[in-house]
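# Analysis of the macromolecular model
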Amino acid sequence: MDLEKLCNEVKHIARTTGMYLKNQQALLRHNEIELKGTRNYVTYVDKEAEQMLVAALQKAFPEAGFLTEEHTVAFEQRAFTWIIDPLDGTTNYVHGDTPFSVSIALMKEGEVILGVVFDPVADQMFSASEKGKAFLNDVLLQVNSQATLENGYIGFGIPYSLDEKGEQILRNAMTQFRKCSFRIKGSAALEICYVAAGISDTYFHSGLSPWDVAAGAFILQCAGGKCSDFHGGNNYIFGKEMVASNGAIHQEIMDHIIH
Ligand code: 2AM
Ligand code: CA
């Protein structure tokens, strides 16, 4: 299997779908926006984009099944699975804001082996298909070396259903407000890639789904970073909770914010 060749095809597919998202954003009307839950939006654009992705990825690699955010195709247990989010950052999207992205991962027997995340507005294509090599467009990525919360640049997200544990984590973060800069950008897939690119030191969020994190987490690991669940374990793709970091600051985030 030529993963590099497949990755190039996937980047092309992500670009085509991303340009569709970008072009549709200005045309989206208020009555075309639905709510899946409080603060949780979906539009016909999410669904159309997902169908475009499924058709193109099926053609590129027919052996793989799908796990998708909008469930336009049923999940089937297979050795290979595409895990896709056609539009990550839908809340930004429906408000005419950025960033938003297309996120595509290929999993083989439980391990991600390829990841692509594309931001069509910033024209940023994050990708990886080989351990140790992650790219932003054609530039090789590396995480930064920020090792402490002091002067940290930290991304996070607020879960749609904010439970007591989530509130505690936000309170813990608040106690660090004097020390570091926090950002909520609104696209988990991209925010994990920002850690891979050395822009942010870390990103944490609970309530996430596999399609939000699978591609970004692989790209981050290929750039030398680290992912864990809130207990420090490896259940961050299906476990709904993730801490992504440059590695150097990971323990301090776990000790001071996630505990
Ligand atoms: P979405 O745009 O596809 O809904 C915003 O906090 C980021 O987290 C987005 O990437 C959003 O994905 C994702 N997200 C997914 N599930 C979430 C949840 N339960 N609560 C908040 N954000 C969620
Ligand atoms: Ca998403």
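Given the structure is predicted, the values throughout are model-derived calculations rather than measurements.

### Description of the domain arrangement of the chain
- Taken domain by domain, the chain consists of domain 1 (3–140) and domain 2 (153–258).
- Computed from C-alpha atoms alone, the centre-to-centre distance between domain 1 and domain 2 is 20 Å.
- Each partner contributes residues to the interface: domain 1 has 38 residues there, and domain 2 has 24 residues.
- Overall, the association of domain 1 and domain 2 removes approximately 2300 Å² of surface from exposure, summing both partners, and the carbon and sulfur fraction of that is 70%.
- Linking domain 1 with domain 2 are zero salt bridges.
- Counting residues per element, the side of domain 1 that touches domain 2 draws most heavily on strand β6 (residues 111–119), at seven residues.
- Here the residues of the side of domain 1 that touches domain 2 sort into 16 nonpolar, 14 polar and eight charged.

### A short note on the layout of surface pockets
- Each pocket or cavity is described by its volume, and for the largest pocket that value is around 610 Å³.
- As for the largest pocket, its lining consists of 31 residues, and the residues nearest its centre are Thr 91, Ile 158, Tyr 160, Gly 186 and His 205.
- Of all elements in the fold, only β2 (40–43), β4 (80–88), α3 (90–94), α5 (188–196), β12 (202–206) and α6 (210–222) reach the threshold of two or more residues within the lining of the largest pocket.
- Counting contributing residues per domain, the lining of the largest pocket is built from domain 1 (3–140) and domain 2 (153–258), each supplying no fewer than three.

### Regarding the coordination of the calcium ion (ligand 2)
- Within the first shell, the calcium ion (ligand 2) binds the protein through Glu 69 (OE), Asp 85 (OD), Asp 88 (OD) and Asp 212 (OD), at distances of 2.0 to 3.1 Å.
- Bound by six donor atoms, the calcium ion (ligand 2) shows angles of 58 to 160° at the metal and therefore irregular coordination geometry.
- Mapped onto the sequence, the residues coordinating the calcium ion (ligand 2) show the spacing E-x15-D-x2-D-x123-D. Note that Glu 69 is positioned in the loop between β3 (65–68) and β4 and Asp 212 in helix α6, a separation of 143 residues in sequence. We note that Glu 69, like Asp 212, is buried.

### Here's the deal with the nonpolar core
- Ranked by size, the top nonpolar core spans 37 residues in total, and within it Val 117, Phe 126, Ile 219, Leu 220 and Met 242 carry the most contacts.
- Residue assignment for this core shows that the elements contributing at least two residues are β5 (101–108), β6, β7 (124–130), β8 (133–136), α5, α6 and β14 (241–245).
- In terms of residue count, the dominant contributor to this core is α6 (nine residues).
- Two domains each provide a minimum of three residues to this core, namely domain 1 (3–140) and domain 2 (153–258).
- Excluding anything up to four places from it in sequence, Phe 126 contacts Gly 115, Val 116, Val 117, Phe 135, Leu 136, Leu 141, Leu 190, Cys 193, Tyr 194, Ala 197 and Ile 219.
- Within the second largest apolar cluster, 32 residues are counted, among which are Val 45, Leu 57, Leu 106 and Ile 113.

### Digging into the pairing of strand β1 (residues 33–37)
- In this structure, β1 lies alongside β2, joined through four bridges in antiparallel fashion. Looking at β2, one finds that Gly 37 is bridged to Asn 40.
- Between the antiparallel neighbours β1 and β2 lie two residues, among them Arg 39 with a positive phi of about 65°.

Basis of the calculations
Residues numbered from 1 in each chain as written. Chains lettered and ligands numbered in written order. Predicted model: local features only at pLDDT ≥ 70, side-chain atom pairs only at ≥ 80, totals over all residues. Heavy atoms only, no water. Domains from an automatic or database assignment. Contact = heavy atoms within 4.5 Å. Buried area = accessible area lost by both parts, 1.4 Å probe. Salt bridge = Lys/Arg side-chain N within 4 Å of Asp/Glu carboxyl O. Helix = DSSP H or I, 4+ residues; strand = E, 2+ residues; numbered from the N terminus. Nonpolar A, V, L, I, M, F, W, Y, C, P; charged D, E, K, R; others polar. 1 Å grid on protein atoms, 1.4 Å probe; cavity = no way out; pocket = protein on both sides within 12 Å on 5 of 7 lines; lining within 4 Å. Points joined across faces, edges and corners; volume = space filled by probe spheres on them. Donors = N, O, S within 2.8 Å, 3.2 Å for Na, K, Ca; no water. Tetrahedral: all angles 85-135°; square planar, octahedral: opposite > 155°, others 65-115°. Buried < 20%, exposed > 50% of the residue type's maximum accessible area, 1.4 Å probe, protein only. Core = buried A, V, L, I, M, F, W, Y, C linked by side-chain atoms within 4.5 Å. Pairing = 2+ DSSP bridges.

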